[in-house]
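# Report on the structure
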Amino acid sequence: MSAPPLLLGAALLFWGWQTELFLAGAVAALLLEAGRLISWRFAFSHDDLKRVWSVCTILFLGMAGYLALTTNVQGATRAVLTMFQWYPLAVLPMIAAQLYSTAGTIDLSTLFLTVRRKDTTPGLRPARTIDLSYPYFALCLLSASASYVWGPWFYIGLCLLLAWPLWVVRSKTFSPLLWAGVLASVAVLGYVGHLGVHNLQRSLERNLIAWFAGLSGDRVDPYQTHTAIGSIGTVKLSDRIVLRLDSGGRDQTSLLLREASYNRYYDAMWFARDPSFQAVPSEPDGTTWTVRSGPASGRSVTVYAHLKGGRGILALPNSVVQIEELAVGSMKQNRLGAVHVEEGPGLITYGIRSGGDASRDSPPGARDLSIPEAEAPVIARIAADLGLRSQPPREILRTVAGFFQTDFQYSTFQADASVKRTALSEFLLRSRAGHCEYFATATVLLLRAAGIPARYAIGYSVQEFSDLEDLYVVRARHAHSWALVYVDGAWQNFDTTPVSWVQIEQEAAPWWERLYDVWSWGAFRFSKWRWSEREGGLSTYVGWLLIPLFVILAWRLYFVKRVARAGPEEQRHSVLCPLAGEDSEFRLIEQRLQELGVSRHPWEPLSRWVERLEVSQPWMGAADSLQRILRLHYRYRFDPNGLSLAERESLRVRVQEWLERLDHRPASHESGQVTL
Amino acid sequence: MKRVLYPYLRLVSSIQYWMQRRFTKAGLLVLTGLVASAVLGLDTTRTMAYQVFTFLFCLLMVSLAFSLSFRARLAVERILPQFGTVGQPLSYRIRVHNRDHRALRGLTLLEDLIDPRPSREEFVRTPEPGEERRNRFDRAVGYPRWRWLISRNRTAVIEEHALPSIPAQGLGEVLAGCVPSRRGQVRFAGVTVARPDPFGLFKGFVSVPLPQNVLIIPKRYVLPQIQLPGTRRYQHGGVALASSVGDSDEFVSLREYRPGDPLRHIHWKSWARVGKPIVKEHQSEFFVRHALILDTFQEAEHSDVFEEAVSVAASFACTVRTQESLLDLMFVGPEAYCETVGRGLGRTDTLLKVLACVRPCTNRPFESLHHLIIERSASLSGCICIFLSWDDARQNLIKNLHVLDIPTLVLIITEADMPLALAPGPMTATTQGFHRLEVGKIQEGLANL
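Quick caveat, the model's predicted, so the values are computed rather than measured. (Residues numbered from 1 in each chain as written. Chains lettered and ligands numbered in written order. Predicted model: local features only at pLDDT ≥ 70, side-chain atom pairs only at ≥ 80, totals over all residues. Heavy atoms only, no water.)

## Topic: the overall build of chain B
On a plain count of helices and strands, chain B comes out with 13 helices and 17 strands. The buried share of chain B, taken over its 449 residues, is 51%. Considering only contacts within chain B whose residues lie at least 6 apart along the sequence, 74% involve residues at least 24 apart. Per element, the accessible surface of chain B, about 21,700 Å² overall, is 55% carbon and sulfur. (Helix = DSSP H or I, 4+ residues; strand = E, 2+ residues; numbered from the N terminus. Buried < 20%, exposed > 50% of the residue type's maximum accessible area, 1.4 Å probe, protein only. Contact = heavy atoms within 4.5 Å. Areas by Shrake-Rupley, 256 points an atom, 1.4 Å probe, with all protein chains shown as cover.)

In structure tokens form, the structure reads like this:
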């Protein structure tokens, strides 16, 4: 069953409107609907249609290839959706071939290889055909839905477009009024349903985003972080290089790159309360993102980082204003300064423009002064011992820094602790040795006890310059935590971990680290080439690769035989290609004899039939025998040189004479005809 | 592995069957759209496909609800012919009595056939022809085999038929039909009357049990007028076997004409005298008796070659004129069979019924057929042998028949892609009676007999 007039055109216009390809949709609609006004059709053979389908496949693969090559801009998910949005264009040659073909349908074996394999023996199986118009209509609607244009118009258009074919295929058992009423109910139910589904997802996102983040493999969870506070034994991190940083050469000042910060501590875990992520709009160039308002200096550093699954948290300095040349699909930032990106390539490169002392974090609140009850007595006691309450903020910072620098040691090993105290209290009161999480947590809580808003930050400390790569490399063991303090109206880094931690971590490096670095450098160079190549010349020219495909399609269409279709009767004849000698007058003899009941057996060749007739009816062989006429007929039918005009005329005259003689044969002959 | 997968394949087939019957084509398209939009609309903040999903979901749910409301009190009668033929349209009538007090409109009718799904043992033990050429996954899972077994067990596929409007307490009749694809029996279990929902997507059913069978006889080819080899032989007990007493030169008596008597036996003078046809009776001792030998010996449970051999045998059974001669159909199934027709003894349809049900013999040697033929060779005028191969055992049979001076017509049915020509062997002296028929070109081969 084919789609009613204008339905495909309307669907294509709707698709073009939703996917912002209106011009392509309008042209495609015009192409398909014009077929109803034009009478000529193509006599596509099965092989022609297979070629058209091959062109569709190549178009599809070309689109997929193009999107794969430019996926660093769009992101993998968006690329898949875009490919689906473009799919009606890829299938357009096939549906056009169907609508402009004399058959009006497509053999299933054209589309499916499995059916083609089954139908290898011609004649044994009737051809299974399909009308692609309704599937194409459905494809247009689904492709239109792959875009995201918020508002009621998509749903309204969808209901109207679906009501059209539903009216055509409706059951005549029920009244049109009932049909309309039920359809209206369905539309209302669908509307309520899709609002419910949408709200359900938003609710799930709100409550389970942390779970999703863990599922997708994000290393940093912007909502909470487990510390190793209280863990017994040695804390050991990997030597894998996770970041590279280009600051234009060796720079002696160390840099802290923050990934996330947290404002609530409880039982060796830090949590981010009410972080509420907000989307960060990109600048018109699509790769520049402003995360904080304010004047920006020139680019300070360029960071290279791997993104697992195309999404992750960016490591950024505290004073970042703008991120440049970052090819990701979307960016979100929470109130505590964590920047989450999605739809990025495997390796991202971004430049950082910093400015001033201000940070991107939200102003301090009550949570930034809270101290957990379990830690409060010890913290209060130490704060009192240090006399923090009576000091100005800058002096407090100096006191606290001095407290940790003089009385504490950096250690990645923790012995068994007292069960009576918390791990942090044990660190502050007895062991006085720990890794950075102890120092950062204790610092934050002490500062809060002194009335200075403070947060716990995690990220990396940039400290190792690689002569091999001429870049700073950041390893997993360089992961660090420190405090953020709100002093002088701005959030500032405050790191109290003894500087010896850098040396201690360096000494823990294995002997094969150099070898690993060489391998890692090679892999990095390859990744950089791979992704930077897409941004360069190749992706610009990928579109041109599609041109040969269209040329092939046009060539195939141009050389296919075109036949006129004036009416249904003529069309039927045009489907069967006329055979040479089809108009031979010998057919009249065959037809006349058949009327007389002297029919040829299905397996009997004409020559054998004529022999049989002349034996049983000798009068047929007299004068101008059937054999002679048959020889002329055979030559007309099969001789590549055909008949001369005189011979052609001779065939015509002889047949006429033979038929006249048959009609005027003697009665004695007539009586025996039926017994032949 | 096939044993483990069997219940899952059964389940998949059940779902497919249910969907094909319950959904209209438009409904299947909507269902496909529903699945596609569900996948596409997983993230409601990226695409609008979730709106398509909810609309289609509601549409199908409403359709489903409407289908549950279909009720009708019906009585159905199916009027079947005695036989159908493979490849030929089989038409029959179905009468539907509406016992309700309201008219029924816009209904369709579906036939419920016996479940064609194979048993677990059948599935495990019956390989599909050509299965060895399939890839390892297909061979291990056996889905192509499953599909093939279902199509083999399903003798015919009967399309849905539209029912005319049936008035309250009235009668509607529909001319149903199908084209049987295999010989055997079409087994009906019942009739289902369906009503689509207002959108024409999903159907509500009312089923009426109505078990019936119809026999599908093999496909038959057109044979040229052939002169069967052989001369008349003495028939032991021939008098008892024939309706007319015989046709030797020794005149016995006169009797009234019976259908099937040769015209040349009519005694014209007596007819003129009595006023009704009278025929001469002769001493019955000699008449022609041909054997139609069907080779059933193959390892596979099914093959196209075997099916074509059965069709060729059926073609001969229909074409050989049995008014004046006898025809013995010989083959070996679970036991050795010899079915005789001709000269009023039996009718051709008896042979066709037998051929409709003949199955390959996988557990006995060819020699069992050899013995059957040799036992009866004394009375045979000639043999038409339809073989599935041309090996030593079959050639030995032909040699023995030649020794016994029984002329033979040998037809070897082979696969279409068998490249080599067959050596005539014992048929070298009489190559005009030796023919190879390729599957797919059987009719052309028979035309050259």
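## Remarks on the overall build of chain A
Secondary structure assignment for chain A yields 24 helices and 26 strands. When each of the 676 residues of chain A is scored for burial, the buried share is 48%. For chain A, the share of sequence-separated contacts (at least 6 apart) that also reach a separation of at least 24 residues comes to 76%.

## Describing the pattern of salt bridges
Residue and element names in this part refer to chain A. Within this structure, the stated rule accounts for 46 salt bridges over all chains. For the salt bridge of Asp361 with Arg258, the shortest nitrogen-to-oxygen distance reads 2.7 Å. Taken together, the residues Asp361 in the loop between strand 17 (347–354) and helix 11 (376–386) and Arg258 in strand 7 (residues 255–262) connect sequence positions 103 residues apart. Of the charged contacts, one joins Arg455 and Asp368 as a salt bridge, the two residues approaching to 2.9 Å between their closest N and O atoms. Of this pair, Arg455 sits in strand 21 (residues 454–462) while Asp368 is found in the loop between strand 17 and helix 11, placing the two residues 87 residues apart along the sequence. Across the pair, exposure class does not vary: Arg455 and Asp368 are buried alike. Overlapping salt bridges bring together Glu464, Arg475, Arg477, Glu513 and Asp517 as one network. (Salt bridge = Lys/Arg side-chain N within 4 Å of Asp/Glu carboxyl O.)

## A word on the sheet that holds strand 10 (residues 278–279) of chain A
Residues and elements named next belong to chain A. Pairing is antiparallel in the open sheet, where four strands are placed in the order 10-15-16-13. Two strands close off the open sheet at either side, each with one partner strand: strand 10 and strand 13 (312–313). Here strand 10 pairs with strand 15 (residues 330–333) via two bridges, running antiparallel. Of the residues in strand 15, the one forming a bridge with Ala279 is Lys332. (Pairing = 2+ DSSP bridges.)

## What to know about the packing of helix 19 (residues 586–595) of chain A against helix 20 (residues 606–616) of chain A
Residues and elements named next belong to chain A. Contact geometry for helix 19 and helix 20: axes closest at 13 Å, N-to-C directions at 55 degrees. By the angle between their directions, the pair helix 19 and helix 20 is classed as oblique. Judged by the sense of rotation from one axis to the other, the crossing of helix 19 with helix 20 is left-handed. Across the interface between the two elements, Phe586, Glu590 and Leu593 from helix 19 touch Leu606, Trp609, Val610 and Leu613 from helix 20. (Axes fitted to C-alpha atoms, helices over the stretch in contact; angles between N-to-C directions. Parallel < 35°, antiparallel > 145°, perpendicular 65-115°, else oblique. Left-handed = near helix turned anticlockwise from the far one by under 90°.)

## What to know about unusual backbone geometry
Residue and element names in this part refer to chain A. Within the chain, Glu325 stands out as a residue other than glycine whose phi angle is a positive 55 degrees. Residue position: Glu325 is located in the loop between strand 14 (320–324) and strand 15. Here the phi dihedral of Arg432 falls at roughly 55 degrees; this positive angle occurs in a residue that is not glycine.

## Some points on a nonpolar patch on the surface
Residues and elements named next belong to chain A. A surface patch of nonpolar side chains, amounting to about 650 Å² of accessible area, comprises Leu13, Trp17, Phe22, Trp153, Ile156 and Leu160. Contributions of two or more residues to the nonpolar patch are made by helix 1 (7–18) and helix 9 (153–168). Among the elements that line the nonpolar patch, the one with the most residues is helix 9, at three residues. On the basis of relative accessibility, which here comes to 38%, the residue Ile156 falls in the partly exposed class. (Patch = residues over 30% accessible without salt bridge, like charges linked within 9 Å, V, L, I, M, F, W, Y side chains within 5 Å.)

## Some details on the nonpolar core
The biggest cluster of nonpolar side chains holds 63 residues, and the ones touching the most others in it are A:Met94, A:Tyr136, B:Phe55, B:Leu59 and B:Phe199. Once residues lying within four places of it in the same chain are set aside, the contact partners of A:Tyr136 are A:Leu8, A:Leu12, A:Leu32, A:Pro88, A:Val91, A:Leu92 and A:Ile95. Judged by nonpolar contacts, the second largest core, of 42 residues, contains A:Tyr262, A:Ala338, A:Leu397 and A:Ala454. (Core = buried A, V, L, I, M, F, W, Y, C linked by side-chain atoms within 4.5 Å.)

## With respect to the side chain of B:Ser63
Residues and elements named next belong to chain B. With respect to the element layout, Ser63 can be found in helix 3 (residues 49–68). Classification of Ser63 as buried rests on a relative accessible area of 0%. A distance of 3.0 Å separates a polar atom in the side chain of Ser63 from the backbone oxygen of Leu59. Contacts of Ser63, omitting those with residues within four sequence positions, involve Asp197, Phe199, Leu201 and Phe202. (Polar contact = N/O pair within 3.5 Å; in protein donor to acceptor, adjacent residues only side chain to side chain.)

## Some words on the sheet that holds strand 25 (residues 490–494) of chain A
Residue and element names in this part refer to chain A. Taken together, four strands build an open sheet; the order of strands is 7-21-24-25 and the sheet is antiparallel. Single-partner strands in this sheet number two, and they are strand 7 and strand 25. Taking each pair of neighbouring strands and ignoring which way they run, the sheet shows an average axis angle of 40 degrees. One ladder, built from five bridges, connects strand 24 (residues 479–487) with strand 25; its direction is antiparallel. Note on strand 25: the bridge partner recorded for Val487 is Ala490. Lying on the sheet, helix 14 (residues 436–449) is in contact with strand 21, strand 24 and strand 25; it crosses strand 24 at an angle near 15 degrees.

## Quick word on helix 23 (residues 645–663) of chain A
Residues and elements named next belong to chain A. Spanning 19 residues, helix 23 covers 27 Å between terminal C-alpha atoms, matching the ideal 27 Å at 1.5 Å per step. By the burial criterion, the buried members of helix 23 are Arg648, Leu651, Val655, Trp658, Leu659 and Leu662. Buried residues of helix 23, seen end-on, are gathered within an arc of 95 degrees and therefore sit on one face of the element. Relative to its buried face, helix 23 has exposed residues pointing more than 90 degrees away, namely Leu645 and Ala646. (Expected span 1.5 Å × (residues − 1). Arc of directions from axis to C-beta.)

## Comments concerning the interface of chain B and chain A
Each partner contributes to the interface: chain B provides 38 residues, whereas chain A provides 45 residues. The largest share of the area that chain B buries against chain A comes from B:Arg46, B:Met48 and B:Phe55, three residues that together contribute 21% of it. Taken together, the connections running from chain B to chain A amount to one salt bridge. As a salt-bridge pair, A:Glu342 and B:Arg46 come within 3.7 Å of each other at their nearest N and O atoms. (Buried area = accessible area lost by both parts, 1.4 Å probe.)

## Brief notes about the packing of aromatic side chains
Here the structure, examined in full by the defined rule, presents 41 aromatic pairs over all chains. Between B:Tyr6 and B:Trp146, the ring centres sit 5.7 Å apart and the planes meet at 75 degrees, which makes this aromatic pair edge-to-face. On the criterion of sequence distance, the pair formed by B:Tyr6 in helix 1 (residues 2–22) and B:Trp146 in helix 6 (residues 143–153) is long-range, its members being 140 residues apart. Both residues of the pair, B:Tyr6 and B:Trp146, count as buried. Aromatic side chains B:Phe366 and B:Phe387 sit 5.9 Å apart centroid to centroid with 75 degrees between the ring planes, which places their arrangement in the edge-to-face category. Pair noted here: B:Phe366 is in the loop between helix 10 (348–357) and helix 11 (367–375) and B:Phe387 is in strand 15 (residues 382–387), with a separation of 21 residues, a long-range link. Pair check on accessibility: B:Phe366 and B:Phe387 agree, each one buried. Aromatic rings pair up to connect A:Phe403, A:Phe404, A:Phe408, A:Phe427, A:Tyr438 and A:Phe439 into one cluster. Sitting over the ring of A:Tyr636, A:Arg648 keeps its end group 4.2 Å from the ring centre. Positioned above the aromatic ring of B:Phe205 is the side chain of B:Arg22, whose terminal nitrogen or guanidinium carbon lies 4.1 Å from the ring centre. (Phe/Tyr/Trp six-rings, centres within 6.5 Å; stacked < 30°, edge-to-face > 60°. Lys NZ or Arg CZ within 6 Å of the ring centre and 35° of its normal.)

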